[in-house]
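Structural overview for review
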Amino acid sequence: MENNEEYFNPDIKKTINAVKNYKRYSKNYPLISLIIFGVILVSVTAVLIFFERPEKSEIEKRELAKRPEFSVEAFFSGEYTDNFSVYFADTVPFRESLVDLSSQLKKLRGVSSPTFYGSVQIVADDDGSSIETEPPVTEIVTVPSETTTIVVTDENNNTSIVTEETTTPVTTTEITTTTEEEEVKDIAEFSNNGIVVDGVKMYGEDAGIMLFGGNKPEGKRYAEIINMYAAALEGVQIHNLVVPTSAEFYLPKRFSKYSSSEKDAINHIYSCLDPSINTVDAYSMIEKHTDEYIYLRTDHHWSPLGAYYAYAAFAEDLGMEYPDISEYEEKVKYDYVGSLYGYTNDVTLKNAPEEFHYFKPQNVDYTTYYYQYDNLAPLGQSVLFHEYVEGGNCYGMFLGKDGIHTKIVTDAANGRKIVVFKESYGNAFVPHLVSNFEEIYVIDIRYFGRNAVDYIKEIGATDVLFINNIFAANTAKLVDGILRLYQSETGTVITTVPVTEPPVTDENGNTVTTSKKASTKKTGKNETTEKTKSTEKPKKSAQTEAPKTEEPEPATVTAT
Amino acid sequence: MVFSDLFFIYIFLPLCLLLYYVGKNRSYRNLVLAVFSLIFYAWGEPVWVTLLIFSALVDYCNGLFMGWCRKGDAKREKLAVLGVISSLVINLGLLGVFKYSGFIVENINALTGAELAVPQFALPIGISFYTFQTITYSVDVYRKKVSVQHSFLNFLLYVSMFFQLVAGPIVRYESVENEINSRKASLEEINSGFIRFVYGLAKKVIIANCMGELAGTALTFEGTPSSVFAAWFGVIMFSLQIYYDFSGYSDMAIGLGMMFGFHFPENFNYPYISRSATEFWRRWHISLGSFFRDYVYIPLGGNRKHLYLNLAITWFLTGLWHGASWNFILWGCYFGVLIMIEKLFLLKALEKLPRFISHIYSLLIVIVGWAMFYFTDMSQLGACLKTMFGFGGTPVMDELAKSGMLNNVYLIVIAVIFCIPVYKLVSEKAEKLGKNSKGAFVASKTVQTVVTCLLLALSSVMLVGQTYNPFLYFRF
């Protein structure tokens with residue numbers, strides 16, 4: 001017995017001691033740990049409550065959500081709490097840095113390799129030739145002449161510009177330039193197929209490339225509407241110049257499936273144009289210079305040099321002399337990071353700023369006048385190059401804001417007057433024309449507010465140039481814009497219906513895909529599939545009981 | 001409101017904890033929790049919160065009624081069954097009207113060519129969970145497994161508790177009965193609860209959301225997926241998403257419960273290490289599986305009489321519960337059939353085979369199951385399955401899916417690793433070492449606290465990052 005006790009005792013004692021010991025040293029742990037968590041929670045809470053909340057996002061170029069006003073109806077419809085949640089999440093103090101940090105963290109999730117933004121679909125064969133879409137379903141709608149106002153229902157961004165313009169009288173010195181916000185908006189308006197960043201190089205440096213979705217039926221409609229202009233404007237020479245984009249020349253071969261052939265798309269448009277229309281082959285000219293800096297790496301536009309080569313092709317068509325690039329005054333802006341960064345928030349682009357070279361015509365006298373785009377009220381005389389722009393806004397230096405109607409008078413004295421129909425690609429192009437035309441009128445298709453045919457006759461133009469990038473010339477919205485300018489009655493100011501949508505954070509990749517495809521991409525058959533999709537998706541999420549205000553992701557799965 | 005939301009984490013939760021712990025009185029604490037729960041619910045459903053209260057009231061009364069029956073003679077006691085019937089009729093009725101009426105009418109229209117108006121009810125959040133919870137109460141009172149709750153406040157608290165209201169787990173009255181009436185949380189439990197909450201948050205925000213994006217990209221297609229790889233990649237990413245999303249939510253619920261002294265049963269137990277469909281359902285959404293086992297399958301007769309009919313009914317209902325759409329029913333029946341086959345012979349056969357074969361079998365059927373779960377559109381499902389097994393006529397690989405994988409490859413590997421019980425093994429080992437040495441204890445707890453803080457910070461930053469929304473401009 002004694003032996004046994006002696007054998008067991010020390011072991012039990014040891015165990016008891018160990019337990020006692022453990023109790024002693026583990027006693028304070030939960031408290032210490034909880035104090036640490038508590039301090040963190042409370043400090044973040046304090047920051048969230050007391051620190052100033054941002055109102056605008058510089059990177060995204062948008063107004064952040066506003067704090068909703070409380071009302072009983074808004075509360076019971078669920079709108080108040082929804083909007084409050086959106087507001088709270090959207091306006092976190094130090095948001096900009098935190099968003100930046102999160103995009104840098106995302107880069108740590110894997111091996112750096114090409115990153116696709118937006119919805120990317122296969123739109124071409126392996127060799128890059130476009131897959132034929134359905135035959136055109138959209139018809140040219142000819143509006144009876146008594147219809148005076150065409151209501152553009154879907155232009156929320158436009159509307160904001162309208163109010164901005166009409167409320168702020170712009171004097172000579174205060175011509176505003178295109179803001180980056182509008183540039184980002186441009187991307188959305190085009191028939192794009194997403195953007196690829198990282199792993200894509202241009203001129204040996206990191207670049208972003210917007211992939212071309214293509215839409216031949218829309219291109220055909222674009223051509224047919226220009227034919228209508230040609231028919232209505234006898235005696236006026238119509239020119240059409242469709243500009244390829246960087247995807248055509250710089251996209252690595254292995255991604256060619258995701259970008260449709262722009263050459264095919266341009267040729268398709270040209271083949272649908274009336275023979276009386278001069279088609280400018282800018283493509284071949286640009287193609288010869290792809291080792292030069294003709295497209296911006298971080299922006300969806302071409303560079304001013306690229307615009308120069310397109311101009312060279314145009315001048316050759318006209319049989320006119322044009323200055324050599326060395327005859328211009330070359331100037332540079334540094335640290336330019338363009339719209340593709342705003343769109344993707346991909347740090348690769350932020351870390352690869354580019355030089356923005358631009359070229360000012362010399363030995364030509366010209367004066368630039370600006371007009372309110374809708375009623376053509378004069379805004380006064382100003383410079384053609386708004387050189388004070390900096391950073392992300394560099395592309396906005398030409399012609400000021402897109403929405404302003406511009407007239408340039410030069411000393412060319414050759415009796416040639418040209419009207420240019422353009423979207424933002426045209427901005428970098430127009431300044432070159434000062435050597436060849438005595439009067440240049442610039443109409444931004446998206447904003448001009450009068451009947452363009454009447455206007456062209458009124459000013460006695462000899463030439464009309466349609467210059468658009470291939471994305472725009474394949475996009476219903478822009479094509480509709482050209483049609484609208486053809487149809488609207490003289491002197492009518494086109495009203496736009498405000499569509500104000502608060503920024504919603506629960507926008508997920510899928511929704512974006514749906515809305516974009518439905519609005520820009522293919523027609524016919526796809527519309528029906530989209531319909532079923534859009535009715536089914538929300539239903540699914542409702543059925544599976546995902547918490548309704550879930551984060552931006554296809555969060556259909558939480559609850560099940 | 002959802003848990004993975006800055007407002008919830010930094011405003012709602014601290015405020016609730018503060019108000020809860022300033023008072024010591026049990027009724028006060030229950031009141032605080034009930035009020036916060038109703039605010040939590042009303043935040044997303046300001047109108048249908050009434051439905052929740054109604055459902056609670058119905059079963060509260062059913063309970064009282066059955067209590068009253070018990071106190072009488074044998075004849076009156078027999079009336080108690082009415083309490084159960086009333087609970088089933090009303091709760092299932094609510095579910096039928098709000099969740100299934102549209103689906104039923106659509107199908108009647110499709111079958112008969114009738115043109116009945118399809119009811120358009122927005123599904124009230126959490127209705128599938130709380131109706132089931134109240135049913136368990138009435139049934140268990142009838143079965144005399146639990147006693148009648150006389151305080152409406154306490155009963156309302158059980159039904160509306162914000163931890164599990166929105167996305168489960170389905171907590172039976174039985175398991176919280178004592179804690180509703182009296183509970184206490186030690187500092188240690190509050191601490192572990194918070195840590196558990198943060199782990200769940202990280203699962204949801206860091207992993208599930210990313211996997212969801214990848215799945216969405218790979219599985220959004222017209223016609224067929226772009227490649228065999230894209231189809232598999234998409235479905236596997238969805239499998240990871242749904243696991244991390246849902247189990248993360250359960251972790252958050254369990255963690256929150258612990259912070260207030262509740263002990264909810266586990267809802268997930270590493271489902272992807274299963275070796276059969278039968279085992280998978282013992283490890284996946286355990287509270288749902290056991291609900292159907294105890295309240296449908298066994299009452300029907302279980303394995304004692306017409307086993308296969310019982311299995312068929314149970315699995316049809318399990319599928320249907322997940323959503324009013326045929327794909328969920330298909331998914332439920334698919335598992336029903338697999339489990340029948342396993343019961344017939346397959347389980348025995350699998351046991352004789354090497355382990356890795358049964359693991360592969362089990363993963364394969366689960367992943368194919370998730371494809372059924374993902375696509376509400378049958379033609380899309382068909383195209384996806386065909387592509388997965390090489391009959392889609394698509395290339396093996398495509399750049400888009402490949403770059404999606406490469407860009408997130410580290411996170412995917414982490415996600416896969418944490419599907420197996422690595423964390424469990426490590427924490428148990430640390431616990432054991434900590435019991436014997438002070439150094440190991442301090443080290444392991446320091447690591448735990450630091451990791452928790454990091455995960456909280458990361459998740460918060462990602463939550464802010466999610467509001468990045470230049471896509472806004474696509475809304476013409």
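Residues numbered from 1 in each chain as written. Chains lettered and ligands numbered in written order. Predicted model: local features only at pLDDT ≥ 70, side-chain atom pairs only at ≥ 80, totals over all residues. Heavy atoms only, no water.

1. Regarding the overall build of chain A
Within chain A, the regular secondary structure consists of 20 helices and 15 strands. For chain A, buried positions account for 57% of its 560 residues. Look at the contacts in chain A between residues 6 or more apart in sequence, and 77% of them connect residues 24 or more apart. Accessible area for chain A stands at about 23,100 Å²; split by element, carbon and sulfur atoms hold 54% of it. (Helix = DSSP H or I, 4+ residues; strand = E, 2+ residues; numbered from the N terminus. Buried < 20%, exposed > 50% of the residue type's maximum accessible area, 1.4 Å probe, protein only. Contact = heavy atoms within 4.5 Å. Areas by Shrake-Rupley, 256 points an atom, 1.4 Å probe, with all protein chains shown as cover.)

2. Re the overall build of chain B
If you tally the helices and strands in chain B, you get 21 helices and 0 strands. Each of the 476 residues in chain B was classed as buried or not, and the buried ones make up 59%. Across chain B, contacts joining residues at least 24 apart in sequence account for 75% of those joining residues at least 6 apart. Of the accessible surface of chain B, which amounts to about 18,800 Å², a share of 70% is contributed by carbon and sulfur atoms.

3. Quick notes on the sheet that holds strand β6 (residues 237–243) of chain A
All names here are of chain A. Taken in spatial order, the 8 strands of this open sheet run β7-β6-β15-β13-β14-β12-β10-β11, and their pairing is mixed. The outermost strands of the open sheet, each flanked by one partner alone, are β7 (278–279) and β11 (378–382). Judged from the 7 bridges that link them, β6 and strand β15 (residues 463–469) form a sheet pairing that is parallel. Paired with V242 across the bridge in β15 is N468. Seen against the sheet, helix α12 (residues 304–318) touches β6, β7, β13 (417–422) and β15 and runs at an angle of roughly 155° to β6. (Pairing = 2+ DSSP bridges. Axes fitted to C-alpha atoms, helices over the stretch in contact; angles between N-to-C directions.)

4. Overview of unusual backbone geometry
Most peptide bonds take the trans configuration, and most residues that are not glycine carry a negative phi. Phi angles above zero are rare outside glycine, and Y203(A) is one such case at about 50°. Position of Y203(A) among the secondary structure elements: in the loop between β4 (192–202) and β5 (205–212). Residue H306(B) is not a glycine yet carries a positive backbone phi of 20°. Residue H306(B) is classed as partly exposed on the basis of its relative accessible area, which comes to 45%.

5. Overview of the pattern of salt bridges
Residues and elements named next belong to chain A. For the coordinates displayed, the defined rule picks out 30 salt bridges over all chains. With a shortest N-O distance of 3.6 Å, K220 and E224 are connected by a salt bridge. Of this pair, K220 and E224 both sit in helix α8 (residues 216–232), 4 residues apart, which is roughly one turn of that helix. Relative accessible area serves as the criterion here: at 30%, K220 is assigned to the partly exposed category. For E224, a relative accessible area of 27% translates into the label partly exposed. K422 is the salt-bridge partner of D444, the closest N and O atoms lying 2.8 Å from each other. Of this pair, D444 sits in strand β14 (residues 439–444) while K422 is found in strand β13, placing the two residues 22 residues apart along the sequence. Residues D444 and K422 agree in their burial class; the two are buried. (Salt bridge = Lys/Arg side-chain N within 4 Å of Asp/Glu carboxyl O.)

6. So, the sheet that holds strand β3 (residues 115–117) of chain A
Hydrogen bonds between backbone atoms are what pair the strands of a sheet, whose relative direction is either parallel or antiparallel. Residue and element names in this part refer to chain A. On the basis of which strands lie adjacent, the open sheet formed by 3 strands has the order β3-β4-β5 and antiparallel pairing. With partners counted over all chains shown, the strands left at the sheet margins are β3 and β5, one partner each. Averaged over neighbouring strand pairs, the angle between their axes works out to 25° when direction is ignored. Relative to β4, β3 runs antiparallel, the two sharing 3 bridges. Bridging from a neighbouring strand, Y117 pairs with I195 of β4.

7. Some thoughts on the pairing of β6(A)
All names here are of chain A. Most of β6 sits out of view: 6 of its 7 residues are buried. Relative to β7, β6 is paired through 2 bridges, and the arrangement is parallel. Bridging across to β7, N240 finds its partner in T279.

8. A closer look at helix α21 (residues 438–465) of chain B
Helix length check: α21(B), at 28 residues, gives a terminal C-alpha distance of 40 Å against a target of 40 Å (1.5 Å per residue), a fit within 8%. Backbone nitrogen of G439(B) and a side-chain oxygen of the N-cap are separated by 3.3 Å at the start of α21(B); the cap is S437(B). (Expected span 1.5 Å × (residues − 1). Polar contact = N/O pair within 3.5 Å; in protein donor to acceptor, adjacent residues only side chain to side chain.)

9. Quick word on a negative patch on the surface
A contiguous patch of negative charge on the surface is contributed by D281(A), E287(A), E316(A) and D317(A). Within the fold, E316(A) resides in helix α12. (Patch = residues over 30% accessible without salt bridge, like charges linked within 9 Å, V, L, I, M, F, W, Y side chains within 5 Å. Lys, Arg positive; Asp, Glu negative; His and termini not counted. Charge placed at Lys NZ, Arg CZ, Asp CG, Glu CD.)

10. What to know about the side chain of S303(A)
Residues and elements named next belong to chain A. Within the element layout of this structure, S303 appears in the loop between α11 (282–287) and α12. Residue classification places S303 among the buried residues on the basis of a relative accessible area of 4%. Beyond its immediate stretch of four places on either side in the chain, S303 contacts Y293, I294, Y295 and L296.

11. Re the confidence of the model for chain B
Residue and element names in this part refer to chain B. The share of residues in chain B with pLDDT of 70 or more is 98%, and the mean pLDDT across the chain is 88. When mean pLDDT is compared element by element in chain B, helix α19 (residues 409–417) scores highest at 95, while helix α4 (residues 74–78) scores lowest at 80. Across residues 471–476, where pLDDT falls below 50, the model places 30 contacts with residues more than four positions away in sequence or in other chains. (pLDDT = per-residue confidence, 0-100.)

12. A short note on the packing of aromatic side chains
One pair of aromatic rings is described through two measures. These are the centre distance and the angle between the planes. All names here are of chain A. One pass over the full model with this rule turns up 109 aromatic pairs over all chains. Ring plane angle 75° and centroid distance 6.0 Å describe the contact between Y250 and Y295, whose orientation is recorded as edge-to-face. With a gap of 45 residues between them, Y250 in helix α9 (residues 246–250) and Y295 in the loop between α11 and α12 connect regions that are remote in the sequence. Residue classification places Y250 among the buried residues on the basis of a relative accessible area of 12%. Assessed through its relative accessible area of 1%, Y295 is described here as buried. Here the basic side chain of R53 rests over the ring of Y87, its NZ or CZ set 5.5 Å away from the ring centre. Geometry around F88 places R53 over its ring, the cationic atom sitting 4.4 Å from the centre. (Phe/Tyr/Trp six-rings, centres within 6.5 Å; stacked < 30°, edge-to-face > 60°. Lys NZ or Arg CZ within 6 Å of the ring centre and 35° of its normal.)

13. Looking at the packing of helix α11 (residues 228–259) of chain B against helix α17 (residues 378–388) of chain B
All names here are of chain B. Packing of α11 against α17 brings their axes to within 8 Å, and their N-to-C directions diverge by 115°. Relative to α17, the element α11 is oriented roughly perpendicular. When the axes of α11 and α17 are compared, the crossing they make is left-handed. On the side of α11, the interface is formed by V228, A231, W232 and V235, while α17 contributes C384, T387 and M388. For the contact of α11 with α17, a count of residues per class yields 6 nonpolar, 1 polar and no charged. (Parallel < 35°, antiparallel > 145°, perpendicular 65-115°, else oblique. Left-handed = near helix turned anticlockwise from the far one by under 90°. Nonpolar A, V, L, I, M, F, W, Y, C, P; charged D, E, K, R; others polar.)

14. Side note on the environment of Y199(B)
Among the secondary structure elements, Y199(B) is positioned in helix α10 (residues 187–219). Once residues lying within four places of it in the same chain are set aside, the contact partners of Y199(B) are Y423(B), Q448(B), V451(B), T452(B) and L455(B).

15. Remarks on the nonpolar core
If you look at the biggest cluster of nonpolar residues, it comprises 294 residues, and the most contacted ones within it are W302(A), F421(A), F429(A), F8(B), F162(B) and F260(B). At 18 residues, α10(B) tops the list of elements feeding residues into this core. Those residues in contact with F429(A), other than ones at most four positions away along the chain, are L241(A), W302(A), A307(A), A310(A), Y311(A), F314(A), L465(A) and I467(A). (Core = buried A, V, L, I, M, F, W, Y, C linked by side-chain atoms within 4.5 Å.)

16. What about helix α15 (residues 326–352) of chain B?
With 27 residues, α15(B) should cover 39 Å at 1.5 Å per step; its first-to-last C-alpha distance of 36 Å lies within 8% of that length. Its maximal kink placed at K343(B), α15(B) deviates by approximately 70°. (Bend = angle between axes of the 7 residues up to and from the residue.)

17. Considerations on a nonpolar patch on the surface
Residues and elements named next belong to chain B. Among the surface-exposed residues, W68, L79, V81, L82, I85, V89 and Y142 lie close enough to one another that they form a single nonpolar patch of about 610 Å² accessible area. Among the elements that take part in the nonpolar patch, helix α5 (residues 81–112) stands out by supplying 4 residues, more than any other. Look at Y142 and you get partly exposed, because its relative accessible area is 36%.

18. Some remarks on the packing of helix α13 (residues 286–300) of chain B against helix α14 (residues 307–321) of chain B
Residue and element names in this part refer to chain B. Interaxial distance between α13 and α14 falls to 10 Å at its minimum, and their mutual angle equals 140°. Pair α13 / α14 crosses with right-handed handedness. Counted together, L288, F292, V296, Y297 and L300 of α13 and L307, N310, L311, I313, T314, L317, T318 and W321 of α14 form the full contact between these two elements. Classifying every residue of the contact of α13 with α14 by side-chain character gives 10 nonpolar, 3 polar and no charged.

19. A closer look at the environment of G216(B)
Residue and element names in this part refer to chain B. Summarising the element assignment, G216 is placed in helix α10. For G216, a relative accessible area of 6% corresponds to the buried category. Taking the C-alpha atoms as reference, G216 lies 8.1 Å from F238; in sequence the two are 22 residues apart.

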